[in-house]
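The lines below spell out each chain.
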Amino acid sequence: MAALLFPVPSVEEVQRYFTGTRWGPVVFVLGYAALTLTPVPKNVLSIGAGVVFGAAGGVGVVVVAALLGASAAFWLGREAVENYTGARVGRLDEVLKRRGFVAVVGVRLLPVLPFTAINYLAGLTSVAWWPYLLGTALGILPGTVSYVTLGAFGPQFGWQVQAAVAVLGLLTVAGLGMAVRMRYKGAERV
């Protein structure tokens, strides 16, 4: 709707806005971090970072922004649970307590799991912040690099884009496979 009411800037204008001053990347990082607290699709923002900042710069701003937003949601989720319910999320809590870093890396590798929901849910568990933060940083790298690459090299559709699409495809298939496996295991117990 906004695109119908306001003129849409060209790609070059957006690039100049964010790269023309030292504050441009800061504005992008803060905006991205704030949007990670909402259900806005982060993959679109990551593609945009690739368009604006290129491959290396895009990965840098996205990782910083995603970690800022993920940390904020983690602490907001933890604060809400401790203040309002005092409850824990049983089984997930126990898994994350024992295998916090590995569990966080695992869920972050799967692009089919919503980034925002994981941020808040992790805050509801007893996973410590450092394993959560490091697991998030490591787990988001393959997807982040892939989405930023799509933005940086998309129009050229060279080997970089093909590799990015392949990585995203593999991560998605792996995630769907795990979901089916978990559902099948759950059905066996009933």
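Note that the coordinates shown come from a computational prediction; the quantities given were computed from them, not determined experimentally. (Residues numbered from 1 in each chain as written. Predicted model: local features only at pLDDT ≥ 70, side-chain atom pairs only at ≥ 80, totals over all residues. Heavy atoms only, no water.)

## What about the overall build of the protein?
Rules: In this description a helix means any DSSP run of H or I spanning at least four residues, a strand means any run of E spanning at least two, and both kinds are numbered starting from the N terminus. The rule is simple: take the accessible area with a 1.4 Å probe, protein chains only, and divide by the maximum for that residue type; under 20% is buried, over 50% is exposed, in between is partly exposed. Residues count as neighbours in contact if any of their non-hydrogen atoms are within 4.5 Å of one another. What sets the accessible areas is the Shrake-Rupley method with a 1.4 Å probe; for residues, cover comes only from the shown protein chains.
Secondary structure assignment for the protein yields eight helices and zero strands. Mapped in sequence order, the helices and strands of the protein form the string α-α-α-α-α-α-α-α. Residues classed as buried in the protein amount to 35% of the 190 residues present. Put simply, of all contacts in the protein between residues at least 6 apart along the chain, 75% involve residues at least 24 apart. Looking at the protein as shown, the accessible area adds up to about 11200 Å², and 72% of this sits on carbon and sulfur atoms.

## Describing the environment of Tyr147
By secondary structure assignment, the location of Tyr147 is in helix H7 (residues 129-153). Judged by relative accessible area, which is 18%, Tyr147 ranks as buried. Ignoring anything within four residues of it in the chain, the contact list for Tyr147 reads Asn43, Ser46, Ile47, Pro111 and Leu168.

## So, the confidence of the model for the protein
Let me state the cut-off plainly: Residue-level confidence of the predictor is what pLDDT reports, using numbers from 0 through 100.
Looking at the protein as a whole, its pLDDT mean stands at 83, while 83% of the residues score no less than 70. Predicted confidence in the protein is weakest over helix H1 (residues 2-5), with a mean pLDDT of 68, and strongest over helix H3 (residues 23-35), with 95. Note that residues 84-88 has pLDDT below 50 and, in this model, eight contacts with residues that lie over four places away or in other chains.

## Description of unusual backbone geometry
If you check the backbone angles, Phe157 has positive phi at about 45° while not being a glycine. Tracing the backbone shows Phe157 in the loop between H7 and helix H8 (159-189).

## Some points on the nonpolar core
Using the following cut-off: Definition of nonpolar core: a set of buried residues of the types Ala, Val, Leu, Ile, Met, Phe, Trp, Tyr and Cys, connected through side-chain atoms within 4.5 Å.
Core analysis: the biggest nonpolar cluster contains 25 residues, and Phe28, Tyr32, Phe53, Val61 and Tyr132 have the highest contact counts within it. Mapped by element, the contributors of at least two residues to this core are H3, helix H4 (42-85), helix H6 (115-123) and H7. It is H4 that provides the largest number of residues to this core, a total of 13 residues. When sequence neighbours within four positions are dropped, the list of residues in contact with Tyr132 reads Ala70, Ser71, Phe74, Val104, Arg108, Asn119, Ala122 and Val127.

## Thoughts on the environment of Val64
Considering the arrangement of structural elements, one finds Val64 in helix H4. Once the C-alpha coordinates of Val64 and Ala137 are considered, the two residues, 73 residues apart in sequence, prove to be 8.9 Å apart.

## Examining the packing of aromatic side chains
Our working definition: Whether two aromatic rings pair depends on their centres lying within 6.5 Å, for rings of Phe, Tyr and Trp, where Trp uses its six-membered ring; planes under 30 degrees apart make the pair stacked, over 60 edge-to-face, and the rest tilted.
Counting across every chain of the model gives nine aromatic pairs. When the ring of Tyr17 is compared with that of Phe18, the centres are 4.9 Å apart and the planes differ by 85°; the resulting orientation is edge-to-face. Centroid distance Phe28 to Phe53: 5.2 Å. Interplanar angle 85°. Geometry classified as edge-to-face. Of this pair, Phe28 sits in helix H3 while Phe53 sits in helix H4; the two residues are 25 residues apart in sequence, bridging distant segments of the chain. With a relative accessible area of 12%, Phe28 lands in the buried category. You can call Phe53 buried: its relative accessible area is 17%. Here the aromatic cluster, defined as three or more aromatic residues joined through ring pairs, consists of Tyr17, Phe18, Phe28, Tyr32 and Phe53.

## Focus on H6
Since one α-helical turn is 3.6 residues long, residues separated by three or four positions face the same way. Rule in force here: Working definition: the arc comes from the directions between the helix axis and the C-beta atoms, pointing outward to the latter.
Restricting attention to buried positions, one finds in H6 the residues Phe115, Thr116, Ile118, Asn119, Ala122 and Gly123. Along the long axis of H6, the arc covered by the buried residues comes to 165°, so they all point the same way.

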